[in-house]
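Close look at the chain arrangement
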Amino acid sequence: NAGVTQTPKFRILKIGQSMTLQCAQDMNHNYMYWYRQDPGMGLKLIYYSVGAGITDKGEVPNGYNVSRSTTEDFPLRLELAAPSQTSVYFCASRLGQGSYEQYFGPGTRLTVT
Amino acid sequence: QQQVKQSPQSLIVQKGGIPIINCAYENTAFDYFPWYQQFPGKGPALLIAIRPDVSEKKEGRFTISFNKSAKQFSLHIMDSQPGDSATYFCAPAGSGYNKLIFGAGTRLAVHP
């Protein structure tokens, strides 16, 4: 199993551009999550999904959108990038009810200038 | 407002020392209390976790102590090694969707 994979690893965006961060998992997990980590800080939840077709907002959803058309994939869309979105983005997955461990991907480092 | 306060912010110990990291929370609905370990350039990984029905859990050199009445839990690392140098996060969650609420992190350095 590859676990949770994220692409790209690094990206530089100009203000106002858009992009999609990709996340995929091959563990047949039901739950998936997107977090952002600012320098020297803990992770904050952006969006999460409890299954294909079901998504919900986390703590800091503004400026982002998600979709979950398959169990494996959970892309994060940034529209009109702003400098405040400069961060490291982590995707995570969890099997489901009764299983609490979240498995994290390696992260995408995004800079908006 | 869910809030998690982690201390200390950074910690330096000598090899063999016992670093202790603390986490205080406000939300009494939390029922899952994990510690995650993160190495530079990597995603966090679950280190150890406890449910509120026990006061202590040990896995190898790592121990969680849980004080429900004080709304605190802590991580103890016995016989610490340079390879334990990392950032540690507490991240309690409530049942159901398991939305982890991360503390700000503790950067641990274990000197040889």
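Our subject is the structure listed above.
Quick look at the structure, then. Note that the structure is a prediction, hence the values are computed from the model and not measured.

Scoring rules and cut-offs
- Residues numbered from 1 in each chain as written.
- Chains lettered and ligands numbered in written order.
- Predicted model: local features only at pLDDT ≥ 70, side-chain atom pairs only at ≥ 80, totals over all residues.
- Heavy atoms only, no water.
- Contact = heavy atoms within 4.5 Å.
- Polar contact = N/O pair within 3.5 Å; in protein donor to acceptor, adjacent residues only side chain to side chain.
- Helix = DSSP H or I, 4+ residues; strand = E, 2+ residues; numbered from the N terminus.
- Nonpolar A, V, L, I, M, F, W, Y, C, P; charged D, E, K, R; others polar.
- Pairing = 2+ DSSP bridges.
- Axes fitted to C-alpha atoms, helices over the stretch in contact; angles between N-to-C directions.
- Salt bridge = Lys/Arg side-chain N within 4 Å of Asp/Glu carboxyl O.
- Buried < 20%, exposed > 50% of the residue type's maximum accessible area, 1.4 Å probe, protein only.

Turning next to the interface of chain B and chain A. Tallying the contact residues gives 18 residues for chain B and 20 residues for chain A. Applying the counting criterion to the chain B and chain A interface returns 3 residue pairs in polar contact (both at pLDDT 80 or more). Of all the elements, strand 4 (residues 30-38) of chain B adds the most residues to the side of chain B that touches chain A, at 3 residues. Here the residues of the side of chain B that touches chain A sort into 9 nonpolar, 6 polar and 3 charged.

A few words now on the sheet that holds strand 8 (residues 72-77) of chain B. All names here are of chain B. Strands sit in the order 1-3-8-7-6 across an open sheet of 5 strands; the sheet is antiparallel. Each edge of the open sheet carries a strand with a single partner, namely strand 1 (4-7) and strand 6 (56-59). Shown here is a sheet whose adjacent strand axes are inclined to one another by a mean of 15°, direction ignored. As judged from the 6 bridges shared by strand 7 (residues 62-67) and strand 8, these two strands associate in the antiparallel manner. When the bridges of strand 8 are listed, Phe 66 appears paired with Phe 73.

This next bit is on the pattern of salt bridges. Per the counting criterion, the structure on display carries 6 salt bridges over all chains. Of the charged contacts in the structure, one is a salt bridge between A:Arg36 and A:Asp38, with a shortest N-O distance of 2.8 Å. For A:Arg36, a relative accessible area of 11% translates into the label buried. Overall, the relative accessible area of 26% leaves A:Asp38 in the partly exposed class. Residue B:Asp31 is joined to B:Arg51 by a salt bridge in which the shortest nitrogen-to-oxygen separation is 3.4 Å. On the criterion of sequence distance, the pair formed by B:Asp31 in strand 4 and B:Arg51 in the loop between strand 5 (45-50) and strand 6 is long-range, its members being 20 residues apart.

This part covers the sheet that holds strand 3 (residues 19-25) of chain A. Strands in a sheet are paired, the pairing made by backbone hydrogen bonds, and the direction either parallel or antiparallel. Residues and elements named next belong to chain A. Across the sheet, 4 strands lie side by side as 1-3-8-7; this open sheet has antiparallel pairing. The open sheet terminates on both sides in strands that have one partner only, identified here as strand 1 (4-7) and strand 7 (64-66). On average, each strand axis in the sheet is tilted by 20° relative to the strand beside it, whichever way the strands run. One ladder, built from 3 bridges, connects strand 3 with strand 8 (residues 76-78); its direction is antiparallel. In the strand pairing of strand 8, Thr 20 is matched with Arg 77.

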